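Fold and geometry: a report
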Amino acid sequence: MPTVTFTPNLQRHVDCPPQHVEAASVRAALEQVFAGNARARGYVLDDDGALRHHMIIFVDGAPVRDRRGLGDAVRQDSSIYVMQALSGG
Amino acid sequence: MRTHILVGTRKGLFTIERRRKRWKIERADHLADAVSITLRDSAGEVTYAALDHGHFGAKLHRRVGKKGDWEEIGVPVYPAKPEGLLDEDSHGREIPWSLKKIWSLVPGHEEQEGRLWCGTLPGGLFRSDDAGSSWQLVESLWNHPDRKQWFGGGADWPGIHSILLHPTERERITLGVSCGGVWVTHDEGASWNVRAQGMRAAYMPPERAFDPLIQDPHCVVQCPAAPERLWAQHHNGIFRSDDGCESWVEIEDAQPSSFGFPVAVHPHDPDTAWFVPAVKDEHRVPVDAKVVVSRTTDGGKNFEVLRKGLPQEHAYDLVWRHALDVDSSGDLLAFGSTTGSLWVSEDGGDHWETVSEHLPPIACVRFAE
C-alpha cells in the first residue's frame, strides 16, 4: 500500500501521522487521508482543490507534475511525501 | 579598520559612518525603494545599489565618488528563450528567462578594473567588464542541464546569493545557490560542477536528502587567508568544507541553534566564524527571544554565545543572509535585522553597540571605505 507522509512542519498546525492508503493516484491517496482528517485538506490544497502554491508532493522522490489535478500515478509500494516548498521562504 | 557601513533596506540605502568612536547614520539614498544588495568597490570610489521596484522590476544604480549623483545603469538581461524550448523546473513550472531580482554583486579581482559579477533570480550569473554599464550572461551555467533541478528558496525562483572569487587561483569561482547547492568553476566560468557532497536537506524525502543539486545553502563564505576552507549556513544547519568544496561536513549541536541565514568567516583565521542563530525553519525567531551571535574559534567544535549589548528579552529580530559582515581586520562586525536594528562590534563580537533600532527591514550590510 502506498504511504503518505506529511512534513513535520505541518504537525505544528494539524496532526498528520503517516498513513497507508489504497490508491492509484496522488489525488486518490490524499482524498483517503482527508476523509479521516478533514482539517488537513485546507493546509495542503487550496479552495480549488489544487496543491497550494508553496507546497510540494514527491512520489518516490520525484515531484508531482500535475499540481492541479494531482493525477500522477502511484504504485502499491510508493512513498508519497507532502512537503513545504522552500519557495515559500 | 573600515569606517563606513552600507545598509540596504526595504526603504532605502543608508550609509553609516564612524565618527568620534561612534557609529552614526550619515545619509539616506533611494529613500522608499527596496535595496536588495549594495556594493562599494575596494578603492571606495564607486557605489552600487540594486533596487527592487516590484511592479517596475529590478534596477541598478551607480554613484562615482561619495558626493556624486546616482545614475541608473544597465541591468542583467536574459536572452530570449529559444522558440520551442521547454524550460521547466523540477516542479513542472516554466522558468522565466527574465530578471526577477539582483541578489548578489561582487567586484572582480583587483587588477580586473570594472569587472563585476552578479547573481540573480531566476538563477542566472552575469558578468560586467564596464562597471555595470552592460552585462553578459554566463551561458555555460544557465545552459547546464542540472540547472533545471534548482528551485526557489525563500522566493518562487532559484537564485545565486553567494559569489566567491578565489584569492590566488584567478579562474576559480564558487557560487551558493538557493536551492541548487554549491557550484564551482576552475576556468572562470567556462564549465561548472556542483560541489555540495555532504550537505543534507531535511525538507526533501529521505531518498533525496543528500542530493547535491537540491541543497539550500543560505550563505557561503570563504576564508581569504585559507581559501580551501569554506563555511555554509544551510537551511538544515552549519556545514564546513576543508577541501575547497570537494566535500562538506555538518557541524552538529551548534548552540543555541544551527539554523540561520548569514555566516561570516574571519579573514585571517579559517577556524573562526560567526553565525546569527534562530529557531529552525518553521519559526524563524531568536531562540528564547534573545538576539545573540554564535562564534566558533576552533572550526566548529565549540560555539560561544555572544550577547553583550544585544537585546535579551522579547526580541524577534531575524537576520537575513547578506546582513552580517566582517571587515578585513576580523575585529569589526556588523549585522542588521528584519525589524530594523543595526549592531556593530569592534572586538570580534564580544561587545555590541546599537547603531539604530528604527531602520526599515534590513536586507544587506556591507563594510566600505
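To be clear, the structure that these remarks concern was listed above.
Summarised in this report is the structure supplied together with it. (Residues numbered from 1 in each chain as written. Chains lettered and ligands numbered in written order. Predicted model: local features only at pLDDT ≥ 70, side-chain atom pairs only at ≥ 80, totals over all residues.)

Describing the overall build of chain B
- Counting its secondary structure elements, chain B contains one helix and 28 strands.
- Expected size for 369 residues packed as a compact globule is a radius of gyration near 21 Å; at 19 Å, chain B falls within 12% of this value.
- By its C-alpha atoms, chain B is 60 × 50 × 40 Å across when sized along the principal axes.
- Burial statistics for chain B: of 369 residues in total, 49% are counted as buried.
- Partitioning the contacts of chain B with sequence separation of at least 6, the portion at a separation of at least 24 is 49%. (Helix = DSSP H or I, 4+ residues; strand = E, 2+ residues; numbered from the N terminus. Rg over C-alpha atoms; globule rule 2.2 N^0.38 Å. Buried ≥ 20, exposed ≤ 12 C-beta atoms within 10 Å, placed from the backbone. Contact = placed C-beta atoms within 7 Å.)

Remarks on the nonpolar core
- Ranked by size, the top nonpolar core spans 126 residues in total, and within it Ile57 of chain A together with Ala50 and Val263 of chain B carry the most contacts.
- Considering every element that reaches this core, the biggest residue donor is strand E28 (residues 362-368) of chain B, with six residues.
- Apart from the residues within four sequence positions on either side, Ala50 of chain B is in contact with Val35, Ser36, Ile37, Ala58, Leu60, Ile102 and Leu105 of chain B. (Core = buried A, V, L, I, M, F, W, Y, C linked by C-beta atoms within 7 Å.)

A short note on the interface of chain A and chain B
- With 15 residues of chain A at the interface, the matching set in chain B holds 17 residues.
- Listing elements by their share of the side of chain A that touches chain B, those giving two or more residues are strand E3 (55-59) and strand E5 (79-84) of chain A.
- In terms of residue count, the dominant contributor to the side of chain A that touches chain B is E5 of chain A (four residues).
- The residue inventory of the side of chain A that touches chain B, partitioned by class, reads six nonpolar, six polar and three charged. (Nonpolar A, V, L, I, M, F, W, Y, C, P; charged D, E, K, R; others polar.)

Focus: the pairing of strand E4 (residues 34-40) of chain B
- Buried residues dominate E4 of chain B, accounting for seven of its seven residues.
- Between E4 of chain B and strand E5 (residues 46-52) of chain B, which pair antiparallel one after the other, the connecting turn spans five residues, and Gly44 of chain B there sits at a positive phi close to 75 degrees. (Pairing = 2+ DSSP bridges.)

Observations regarding the sheet that holds E28 of chain B
All names here are of chain B.
- Within the open sheet, the four strands sit side by side as E3-E2-E1-E28. Their pairing is antiparallel. Lying at the two open borders of the sheet, with one neighbouring strand each, are strand E3 (22-29) and E28. Put simply, the sheet's adjacent strands are angled 25 degrees from each other on average, direction ignored.
- Strand direction decides the pairing type here: strand E2 (residues 12-19) and E3, joined by seven bridges, are antiparallel. From the neighbouring strand, Arg19 faces E3, where its bridge partner is Arg22. (Axes fitted to C-alpha atoms, helices over the stretch in contact; angles between N-to-C directions.)

A short note on the environment of Val35 of chain B
- The topology assignment puts Val35 of chain B in strand E4.
- Contacts of Val35 of chain B, omitting those with residues within four sequence positions, involve Gly8, Thr9, Gly12, Leu13, His30, Ala49, Ala50, Leu51 and Ala363 of chain B.

Considerations on helix H2 (residues 26-35) of chain A
Residues and elements named next belong to chain A.
- All of the buried residues in H2 are Val26, Ala29, Leu30 and Val33. An end-on view of H2 places all buried positions within 95 degrees of arc, on one side of the element.
- On the buried face of H2, the contacting elements are strand E1 (3-6), strand E2 (19-20), helix H3 (38-44), E3 and E5. (Arc of directions from axis to C-beta.)

Overview of unusual backbone geometry
Residue and element names in this part refer to chain B.
- In this structure, the amide linkage connecting Leu121 to the following residue, Pro122, adopts the cis form with an omega of 15 degrees.
- Relative to the assigned elements, Pro122 resides in the loop between strand E9 (116-121) and strand E10 (125-128).
- Residue Ser178 is joined to Cys179 through a cis peptide bond whose omega torsion reads -5 degrees.
- Within the secondary structure, Cys179 is located in the loop between strand E13 (173-178) and strand E14 (181-185).

Some points on the sheet that holds strand E21 (residues 273-278) of chain B
All names here are of chain B.
- A sheet is described by the order of its strands in space; here four strands give the open sequence E20-E21-E22-E23, paired in antiparallel fashion. Pairing within the sheet leaves two strands with one partner each, and these edge strands are strand E20 (259-265) and strand E23 (304-306). If you compare each strand with its neighbour and ignore which way they point, the axes differ by 30 degrees on average.
- Pairing analysis gives five bridges linking E20 to E21, with the strands arranged antiparallel. Bridging across to E21, Gly260 finds its partner in Pro277.

Concerning the pairing of E3 of chain A
Residues and elements named next belong to chain A.
- Along E3, five of the five residues are buried, which leaves the element largely enclosed by surrounding structure.
- Because side chains alternate across E3, one face comprises the buried residues Met55, Ile57 and Val59, and the other comprises Ile56 and Phe58, equally buried.
- With five bridges connecting them, E3 and E5 associate as antiparallel partners. Of the residues in E5, the one forming a bridge with Ile56 is Met83.
- Sheet analysis places E3 next to strand E4 (residues 62-63), joined by two bridges and oriented antiparallel. By the bridge assignment for E4, Phe58 is matched with Pro63.

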